[in-house]
Amino acid sequence: MSTENTQPSQAPESTEEKAKKPVPEEFFRQPYSFVRRGDRLTARRQKAWDTYSPTHVLDIPRLRTDTSVAPEATFDPVKIYGREAYQVVEIGSGLGEAIVHRAAEVPEANFLAVEVYTPGIADLLLKMGNAGVENVRVAQANAPELLDNMLEENSVDELWVFFPDPWHKSRHHKRRLVSPAFADKVARVLKPGGIWRLATDWEEYALVMREVLEAHPDFENVHPGAGATEEDPQGGWAPRWEGRTLTSFERKAQEAGRRAHDLTYRRK
């Protein structure tokens, strides 16, 4: 794989090193939509990290923690990818199945995976390397900060949020990623006419997503009224997008009896 026109990254800190760092009080002033797991890597993932992270994981200036994004952060596609192209951003890429699959199908587009979990990123890099994919870069970052501080206004053609943590307990609903405030951030970075694709296997969260986006002045439903039923006369559900591959996560949800709900909105 080519390693030109990319920004280098630093090796991941060990769990022990992270534990020694004090966490500023400001870190807790807003709810976070993720929980960091252990960062220990298997041998195959470590090899993938060592091989690809210096050139494909972006070196992001930090403000407080190892997933924060400082205000001086920049995103220059020419420096990062070596070109200007259709820009896709996936928030919460997990193990990278969806973004690597689509990047292989559309090599003429630029793809940015946003993820905080180091083993997940390493697995994404492994898939990317095995597939010979050249057009994916990774930001290990808290998504709201990345949208605020790193991506320029009107710079993204397409943004994905597939299967975010549903935080199904009522007391944890404030941690959910898709909210009016987050929609404001997405609206800022999406180009006029840009597409926001969402999917979740948690029906109650799907209804919340639809409510948030239907109420937002900057978005319009690409499939108004679609999928309406007697129980849900509003509809507005998108058909399954052909570009979204069936991931291991969705397959497990199906086996557990949960079906995916898709939504597609366009920035006005």
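Residues numbered from 1 in each chain as written. Predicted model: local features only at pLDDT ≥ 70, side-chain atom pairs only at ≥ 80, totals over all residues. Heavy atoms only, no water.

Participant: What is the right way to read the nonpolar core from this model?
Facilitator: The tendency in soluble globular proteins is for nonpolar side chains to be buried as a group. In terms of nonpolar packing, the biggest core is built from 40 residues, with Leu159 and Trp196 touching the most fellow members. Residues in contact with Trp196, not counting those within four places in the same chain, are Leu159, Val161, Phe182, Ala183, Val186, Leu190, Leu213, Phe219, Leu263, Thr264 and Tyr265. Core analysis: the second largest hydrophobic core is formed by 29 residues, Ala48, Val88, Ala98 and Ala260 among them. (Core = buried A, V, L, I, M, F, W, Y, C linked by side-chain atoms within 4.5 Å. Buried < 20%, exposed > 50% of the residue type's maximum accessible area, 1.4 Å probe, protein only. Contact = heavy atoms within 4.5 Å.)

Participant: Help me out: how do you make sense of the packing of aromatic side chains in this one?
Facilitator: To describe a pair of aromatic rings, you give the distance between the ring centres and the angle between the ring planes. For the structure shown, the criterion picks out seven aromatic pairs. Aromatic rings pair up to connect Phe111, Trp160, Phe162 and Trp241 into one cluster. The cationic tip of Arg176 hangs over the ring face of Tyr205; the distance from NZ or CZ to the ring centre is 4.6 Å. The cationic tip of Arg197 hangs over the ring face of Trp241; the distance from NZ or CZ to the ring centre is 4.0 Å. (Phe/Tyr/Trp six-rings, centres within 6.5 Å; stacked < 30°, edge-to-face > 60°. Lys NZ or Arg CZ within 6 Å of the ring centre and 35° of its normal.)

Participant: Sorry, what's going on with the pairing of strand 4 (residues 156-162) here?
Facilitator: Within a regular beta strand, the side chains point alternately toward one face of the sheet and then the other, so they alternate between its two faces. Among the seven residues in strand 4, seven count as buried, and that is most of the element. Bridge analysis of strand 1 (residues 87-91) against strand 4 gives four bridges, and the strand direction is parallel. Residue Val88 lies in a different strand from strand 4, and its bridge partner there is Glu158. In the sheet, strand 4 pairs with strand 5 (residues 190-200) via six bridges, with the strands oriented parallel. Bridged to Val156 within strand 5 is Leu190. (Helix = DSSP H or I, 4+ residues; strand = E, 2+ residues; numbered from the N terminus. Pairing = 2+ DSSP bridges.)

Participant: Which parts of the structure should I look at to understand the UniProt feature "binding site: substrate" (unreviewed entry) in the chain?
Facilitator: Under the UniProt annotation, "binding site: substrate" (unreviewed entry) lies at Lys169, Asp201, Thr247, Ser248, Phe249 and Glu250. Along the chain, the position of Phe249 falls in helix 9 (residues 248-255). Those residues in contact with Phe249, other than ones at most four positions away along the chain, are Phe163 and Asp201. (UniProt positions renumbered as here; feature names shortened; annotations may be inferred.)

Participant: Could you clarify how one ought to interpret the confidence of the model for the chain in this entry?
Facilitator: Caution is warranted with low-pLDDT regions, since their predicted coordinates should not be read in detail. Here the chain averages 89 in pLDDT, and 86% of its residues register 70 or above. Note on residues 1-11: pLDDT is under 50 here. Beyond four places in sequence and across chains, it has 37 contacts. Note on residues 14-29: pLDDT under 50 across the span, and 13 contacts to partners over four residues away in sequence or across chains. (pLDDT = per-residue confidence, 0-100.)

Participant: Where do I start with the packing of helix 4 (residues 97-105) against helix 5 (residues 118-131) in this structure?
Facilitator: Two quantities define a packed helix pair, namely the angle between the helix axes and the distance between the axes. Relative orientation of the contacting elements helix 4 and helix 5 amounts to 20 degrees, with a least axis distance of 9 Å. With respect to each other, helix 4 and helix 5 are oriented roughly parallel. Considering only the axes of helix 4 and helix 5, their crossing is right-handed. The residues of helix 5 that touch helix 4, namely those facing Glu97, Ile99 and Val100, are Leu124, Lys127, Met128 and Ala131. In the contact of helix 4 with helix 5, the residues fall into five nonpolar, no polar and two charged. (Axes fitted to C-alpha atoms, helices over the stretch in contact; angles between N-to-C directions. Parallel < 35°, antiparallel > 145°, perpendicular 65-115°, else oblique. Left-handed = near helix turned anticlockwise from the far one by under 90°. Nonpolar A, V, L, I, M, F, W, Y, C, P; charged D, E, K, R; others polar.)

Participant: Could you clarify how one ought to interpret the environment of Asp184 in this entry?
Facilitator: With respect to the element layout, Asp184 can be found in helix 7 (residues 180-189). When its relative accessible area of 45% is taken as the criterion, Asp184 is described as partly exposed. Residues Asp184 and Phe219, spaced 35 residues apart in sequence, show a C-alpha to C-alpha distance of 9.9 Å. At 2.6 Å, the side chain of Asp184 forms a polar contact with the side chain of His216. (Polar contact = N/O pair within 3.5 Å; in protein donor to acceptor, adjacent residues only side chain to side chain.)

Participant: Quick question: what am I supposed to make of the UniProt feature "binding site: S-adenosyl-L-methionine" (unreviewed entry) in the chain here?
Facilitator: Summarizing the sequence annotation, UniProt attributes the feature "binding site: S-adenosyl-L-methionine" (unreviewed entry) to Glu90, Glu115, Asn142 and Asp165 in the numbering used throughout. A compact arrangement is adopted by the annotated residues: their sequence extent is 76 residues, whereas the largest C-alpha distance between any two is 14.4 Å. Position of Glu90 among the secondary structure elements: in strand 1. Exposure remark for Glu90: the relative accessible area of 2% places this residue in the buried category. Discounting chain neighbours no more than four positions away, the residues touching Glu90 are Ala98, Ile99, Leu112, Ala113, Val114, Trp160 and Phe162. Reaching out from Glu90, the side chain makes a polar contact with the side chain of Ser93 at a distance of 3.1 Å. Look at Asp165 and you get partly exposed, because its relative accessible area is 39%.

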